[in-house]
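Below, each chain spelled out in residue letters.
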Amino acid sequence: MKSITLICAIILVRMKFVLLASNISNHYNMSESYDKNNRPSDLTNVSISLYINRISAVDENKEEISFDVFLQVVWVEPRIKPNTELGEKGYIELTIEQRNQIWTPDLYIRQLREMKILKLFEEISSLRIYENSTISLSIGATIIIKCDMDFVLYPLDVQKCPVDFSSYKYTVNEMAFHWRKDNPLTFPNDFGENGFRLPKYVVSFDPREEPYPVNFDGDADRISARLEITLSREVKSYLLENYLPSTLFTVISWGSFLIIPTIVPGRMVLLVTTLLSLVTMFDTVRNNSPDALELKSIEVWLLCCTFFVFLALMEYFIVLFGIRYDSHWRRQKFVAHAHAASGLHPQPSPARINISSQNLQIPNQSSIPNLPNVETPMTSLQQQRKNGLENASRMFQANRINPEDNRSARDLAASTSESLHTAEKVSSIMGRKRFRNVADVALLYAGSQRGKLDQISLVLFPLSFLLFTIIYWVLYLNESRKKLSS
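Source: prediction; values computed, not measured.

A. Representation of the pattern of salt bridges in the model. Summed over the entire model, instances satisfying the criterion amount to 19 salt bridges. Residue glutamate 93 pairs with arginine 128 through a salt bridge whose shortest N-O separation is 2.9 Å. With a gap of 35 residues between them, glutamate 93 in strand E5 (residues 91-94) and arginine 128 in strand E8 (residues 125-130) connect regions that are remote in the sequence. In this structure arginine 128 comes out as partly exposed when scored by relative accessible area, which is 27%. Residue lysine 160 pairs with glutamate 228 through a salt bridge whose shortest N-O separation is 3.9 Å. Remark: glutamate 228 occurs in strand E16 (residues 221-233) and lysine 160 occurs in strand E10 (residues 158-167); sequence separation between them is 68 residues.

B. Representation of the state of the cysteines within the structure. Counted by the stated rule, this structure contains one disulfide. A disulfide bridge connects cysteine 147 with cysteine 161, and the sulfur atoms are separated by 1.8 Å. On the sign convention where negative means left-handed, the S-S torsion of about -75° between cysteine 147 and cysteine 161 marks this disulfide as left-handed. Within this pair, whereas cysteine 147 is found in the loop between strand E9 (134-146) and E10, its partner cysteine 161 is found in strand E10, the two being separated by 14 residues in sequence. According to the relative accessible area criterion, cysteine 147 is buried, its value standing at 1%. On the basis of relative accessibility, which here comes to 0%, the residue cysteine 161 falls in the buried class. Take cysteine 304: it sits in no disulfide, and the sulfur closest to it among the cysteines is that of cysteine 305, at 7.1 Å.

C. Just the side chain of serine 66, in detail. Structurally, serine 66 is set in strand E3 (residues 64-76). Classification of serine 66 as buried rests on a relative accessible area of 14%. Those residues in contact with serine 66, other than ones at most four positions away along the chain, are Ile55, Ser56, Ala57, Ile143 and Ile144.

D. Seen up close, the environment of aspartate 190. Here aspartate 190 shows up in the loop between strand E12 (185-186) and strand E13 (196-197). Look at aspartate 190 and you get exposed, because its relative accessible area is 57%.

E. Structural context of the confidence of the model for the protein. For the protein, the mean per-residue pLDDT works out to 76, and 66% of the residues sit at or above 70. Considering only residues more than four positions removed or in separate chains, one finds that residues 345-381, a stretch of pLDDT under 50, has nine contacts.

F. Focus on a nonpolar patch on the surface. Taken together, the side chains of Leu240, Leu244, Leu248 and Ile252 make up a nonpolar region of the molecular surface, amounting to roughly 390 Å² of accessible area. Mapped onto the fold, leucine 244 is located in helix H3 (residues 236-253).

G. Seen up close, the layout of surface pockets. Space inside the largest pocket adds up to approximately 330 Å³. Lining the largest pocket are 16 residues, with Arg99, Thr104, Pro105, Leu137 and Ile139 positioned closest to its centre. For the lining of the largest pocket, the secondary structure elements donating two or more residues are E3, strand E6 (107-109) and E9. Per-class residue counts for the lining of the largest pocket are eleven nonpolar, two polar and three charged.

H. Structural detail: the packing of aromatic side chains. Per the counting criterion, the structure on display carries 23 aromatic pairs. Both rings, one in tyrosine 91 and one in tyrosine 130, keep their centres 5.6 Å apart while their planes meet at 55°; by these two values the pair is tilted. Of this pair, tyrosine 91 sits in strand E5 while tyrosine 130 sits in strand E8, placing them 39 residues apart in sequence. The class for tyrosine 91 is buried, based on a relative accessible area of 18%. The class of tyrosine 130 is partly exposed, set by a relative accessible area of 26%. Here tyrosine 243 and tryptophan 301 contribute two aromatic rings whose centre-to-centre distance is 5.5 Å and whose plane-to-plane angle is 55°, an arrangement assigned as tilted. Here tyrosine 243, found in helix H3, pairs with tryptophan 301, found in helix H5 (residues 297-342); they are 58 residues apart in sequence, far enough to count as distant. Overall, tyrosine 243 belongs to the buried group, its relative accessible area being 3%.

Definitions and cut-offs
Residues numbered from 1 in each chain as written. Predicted model: local features only at pLDDT ≥ 70, side-chain atom pairs only at ≥ 80, totals over all residues. Heavy atoms only, no water. Salt bridge = Lys/Arg side-chain N within 4 Å of Asp/Glu carboxyl O. Helix = DSSP H or I, 4+ residues; strand = E, 2+ residues; numbered from the N terminus. Buried < 20%, exposed > 50% of the residue type's maximum accessible area, 1.4 Å probe, protein only. Disulfide = S-S within 2.5 Å. Contact = heavy atoms within 4.5 Å. pLDDT = per-residue confidence, 0-100. Patch = residues over 30% accessible without salt bridge, like charges linked within 9 Å, V, L, I, M, F, W, Y side chains within 5 Å. Areas by Shrake-Rupley, 256 points an atom, 1.4 Å probe, with all protein chains shown as cover. 1 Å grid on protein atoms, 1.4 Å probe; cavity = no way out; pocket = protein on both sides within 12 Å on 5 of 7 lines; lining within 4 Å. Points joined across faces, edges and corners; volume = space filled by probe spheres on them. Nonpolar A, V, L, I, M, F, W, Y, C, P; charged D, E, K, R; others polar. Phe/Tyr/Trp six-rings, centres within 6.5 Å; stacked < 30°, edge-to-face > 60°.

What follows is the structure, encoded as structure tokens:
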């Protein structure tokens, strides 16, 4: 029973091929030397055109673009000629089975990641033969293109995605792909004049007129038809979501310069809350934005805003330190110096007796009767001093030398080094005193309640931020325009 079923199936397949051959012979004629594995001529020109139905998605993390297209490939096949009247249509529509009998170009899309043929009940494609032996192949597909994206300018970035249509097997001398001269790209009515608008991008297409050389194996070049896809990001949403709030946070931090420095809770809460808000915003943007090899432009902006708020917080710390120095440490030093200058020293003890030769008078020993011959302490001290001075003067006269004539080189070197060391110590002490004086003046000028640091900061911070804003937008907008025009 199984063998009978197999035989019937083989007979049906043969009958199908016979009917197909008869249908082919009824519609067009093939040359006897026709081989679908060989090209129609030595140099085959293939023209292509695209009907872009819609942009499905742009995946920044995977760096992919997917869109639905109808690809039309046209070439001349002189080995096949229609043998029937074409009627009003002007072409013969072939079935899917008949396409397998005809040579088709080996179309290769260099940046293609994936291609899905559109199907409903059957494959959406067609193969037509025209009177002048021109063959047109049209296929509906969803194409996913790999695009090398650079997000350094994010969100001011412009992405250029080239798509090359060429042959893989045949070189420039054998096959060349180019865009059709009339309407190489067509779009539905919902496409705008400047491109298809997505929630984040404006997508535009530019078919290059000149063929683009592509080198696969390094030996021979291929000629390709290049389609350049440009993705221009919508910046308005980023201005409202990131740039405007961060600017407002930075401006609000300048309000701390108007708060009295002694009101520590109010000023600290304002600066710390602003700083934490900017740090949270930076972390959110970094996690939700695509990766880049360098800092993105929006990250540079948020970091600079955070740095401005941080500088305002550091300025307040300097003011607090100056107030503390002025009210506590400097005042204590001033009081200590005032007591020292007024001469408030401790009084001597009452038990201490000041003995001198002028106040203490010793009566003459001869005037006191019946007094033994005893030397008083004072007389004995005077006698010792007198004898000591006489002995010292004798020794000095005996050993007196001339210092100018007999001074040695060693004594000169010692005295010179001692004088230099003394001079260095004096200069070091003077330098430290000068630095202390300058530091005292700076702290009093900046930190006390009468200081000017808050007033200077209230002018300096806005001017610095304005200068940074101008430089930032000029540099990054110029880079974005260069990328768009390249």
